[in-house]
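Below are the chains, spelled out letter by letter.
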Amino acid sequence: MAPDLNPLQKEPDEPPDVASGLPPDDGAGKPESELVAQAKAGSSEAFEELVNRYERRIFRLAMRLTGNTEDAEDVLQETFLKAFEHLPDFRQDSRFYTWLVRIAVNEGLMKLRKRRSDRSEPLEDAVDDDGQVIPRDFRDWKPNPEQLTSQEEMERILLGAAAQLPPSLRTVFMLRDVEELSTEETAQALNLTLGAVKARLFRARFQLREELSKTFNRE
Amino acid sequence: MTCKEAFKQISAYLDGDLTEELKNILNEHICKCAHCKVVYDTTVKTVELYCDGKLFPMPQTISNRLHTALRRKFQDRRAV
Ligand SMILES: [Zn+2]
């Protein structure tokens, strides 16, 4: 960490695209609140523009949660179809994207639950929310592992490691660290307390680190 | 600070939850402790790897099928 502590280069608990008001995927276009208002008033064009804005992010999230393209596509479709159906219920007291994420996570978890019966998905772990995860692998990593592997290989490695986490930890990690939802937004999306989000995040980060160390260590 | 405490603080630190004082104590520990330095560096790296926005690009065919499904839904809505 020396000489300067420099954590993930982001403002803690500050949603990334709120301050700028810019959509994350393409810089142009109307403000989100305007599109949402028009979509709520019945404009399918406005809704489709919202879809264009967020489909790539929701797909990536779905891939990271479910680990395969087929399930991710189902999650993507269900998310936007349900969002369209339930748009009248969206009260604009959160970001539209956060609302979408909440739907996507529920769809993703349903997929994982269904899958558990026929494939070997890790079970919800029995450890309570301040259960300790102690790092065991202290080997340093090769520098810049992302430059040593192809993108496909990296995707395979990351999904493989994520698949080792119970869904309850995986979702917290993906929302908080990857989607950069705030602790509060993550807690709201998953119906957890702030303390539970932090405790699960702690375990998820260290478990993923431990898994990836098997691949990326220097030895 | 023990290593076990340091592990806990590393995660809190990534959340931006540490006071200046604790940050300094953690930093001091990490400068002296090779194990905790590795844990810190590789935890940060773990998050970075998952955050890479180039990963998992959505295939165009999947986008096309999504928009087809949506338009069908829009039409159903109009037909009501
Ligand atoms: Zn230590």
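Source: prediction; values computed, not measured.

What about the overall build of chain B?
Part 1 of the argument: Along its length, chain B carries four helices and zero strands.
Part 2 of the argument: Ordered by position from the N terminus, the helices and strands of chain B form the series α-α-α-α.
Part 3 of the argument: C-alpha extents for chain B along the principal axes are approximately 70 × 25 × 20 Å.
Part 4 of the argument: Per-residue burial for chain B yields a buried fraction of 46% across its 80 residues.
Part 5 of the argument: Counting every atom, chain B has about 4300 Å² of accessible surface; 53% of that belongs to carbon and sulfur.

Structural notes on the nonpolar core
Part 1 of the argument: By size, the foremost hydrophobic cluster in this structure holds 69 residues, and its most contacted members are F47, F80, F96, F173 and L212 of chain A together with Y50 of chain B.
Part 2 of the argument: Looking at which element gives the most residues to this core, the answer is helix 2 (residues 44-66) of chain A, with eleven residues.
Part 3 of the argument: Both of domain 1 (29-118) and domain 2 (145-216) of chain A provide at least three residues apiece to this core.
Part 4 of the argument: Ignoring anything within four residues of it in the chain, the contact list for F47 of chain A reads A39, F80, A83, F84, L87 and F96 of chain A together with L70 and F74 of chain B.
Part 5 of the argument: If you look at the next biggest cluster of nonpolar residues, it comprises 17 residues, including L26, V39, Y40 and V44 of chain B.

Some words on the coordination of the zinc ion
All names here are of chain B.
Part 1 of the argument: Donor atoms from the polypeptide that bind the zinc ion are C3 (SG), H29 (NE2), C33 (SG) and C36 (SG), placed at 2.0 to 2.4 Å.
Part 2 of the argument: Coordination at the zinc ion comes from four donor atoms whose angles at the metal span 99 to 115 degrees, giving a geometry best classed as tetrahedral.
Part 3 of the argument: Each donor residue of the zinc ion lies on the same chain, and together they follow the pattern C-x25-H-x3-C-x2-C. Each member of the pair, C33 as well as C36, is classed as buried.

Remarks on the pattern of salt bridges
Part 1 of the argument: Scanning the entire structure with this criterion turns up 23 salt bridges over all chains.
Part 2 of the argument: A salt bridge links K73 of chain B to E85 of chain A; its shortest N-O distance comes to 2.4 Å. In this pair, K73 of chain B is assigned in helix 4 (residues 60-79) and E85 of chain A in helix 3 (residues 69-86), connecting two distinct chains.
Part 3 of the argument: Classification of K73 of chain B by relative accessible area gives partly exposed; the value is 22%.
Part 4 of the argument: By relative accessible area, which is 39% here, E85 of chain A ends up partly exposed.
Part 5 of the argument: For K214 of chain A, the salt bridge goes to E211 of chain A, with nearest N and O atoms at 2.9 Å. One end of the pair is K214 of chain A and the other is E211 of chain A, both in helix 8 (residues 194-216) and three residues apart, which spans about a single turn.
Part 6 of the argument: On the accessibility criterion, K214 of chain A (55% relative accessible area) is exposed.

Regarding the domain arrangement of chain A
Residue and element names in this part refer to chain A.
Part 1 of the argument: Here the domain parsing of chain A yields domain 1 (29-118) and domain 2 (145-216).
Part 2 of the argument: The C-alpha-based centres of domain 1 and domain 2 are spaced at 20 Å.
Part 3 of the argument: Across the boundary between the two partners, domain 1 contributes 15 residues, which contact 14 residues of domain 2.
Part 4 of the argument: Carbon and sulfur atoms make up 66% of the area that domain 1 and domain 2 hide from each other, which totals about 1400 Å².
Part 5 of the argument: Together, R64, L65 and R102 form the three largest contributors to the area buried by domain 1 at its contact with domain 2, with a combined 35%.
Part 6 of the argument: For the interface between domain 1 and domain 2, the tally reads two salt bridges.
Part 7 of the argument: Across the pair R95 and E185 runs a salt bridge, and its minimum N-O distance is 3.0 Å.
Part 8 of the argument: Taken together, the connections running from domain 1 to domain 2 amount to four residue pairs in polar contact (both at pLDDT 80 or more).
Part 9 of the argument: Within the residue set of the side of domain 1 that touches domain 2, elements represented by two or more residues are helix 2 and helix 4 (96-118).
Part 10 of the argument: Take the side of domain 1 that touches domain 2: its biggest share by element is eight residues, from helix 4.
Part 11 of the argument: A breakdown of the residues in the side of domain 1 that touches domain 2 according to their chemical character gives eight nonpolar, two polar and five charged.

Definitions and limits used
Residues numbered from 1 in each chain as written. Chains lettered and ligands numbered in written order. Predicted model: local features only at pLDDT ≥ 70, side-chain atom pairs only at ≥ 80, totals over all residues. Heavy atoms only, no water. Helix = DSSP H or I, 4+ residues; strand = E, 2+ residues; numbered from the N terminus. Buried < 20%, exposed > 50% of the residue type's maximum accessible area, 1.4 Å probe, protein only. Areas by Shrake-Rupley, 256 points an atom, 1.4 Å probe, with all protein chains shown as cover. Core = buried A, V, L, I, M, F, W, Y, C linked by side-chain atoms within 4.5 Å. Domains from an automatic or database assignment. Contact = heavy atoms within 4.5 Å. Donors = N, O, S within 2.8 Å, 3.2 Å for Na, K, Ca; no water. Tetrahedral: all angles 85-135°; square planar, octahedral: opposite > 155°, others 65-115°. Salt bridge = Lys/Arg side-chain N within 4 Å of Asp/Glu carboxyl O. Buried area = accessible area lost by both parts, 1.4 Å probe. Polar contact = N/O pair within 3.5 Å; in protein donor to acceptor, adjacent residues only side chain to side chain. Nonpolar A, V, L, I, M, F, W, Y, C, P; charged D, E, K, R; others polar.

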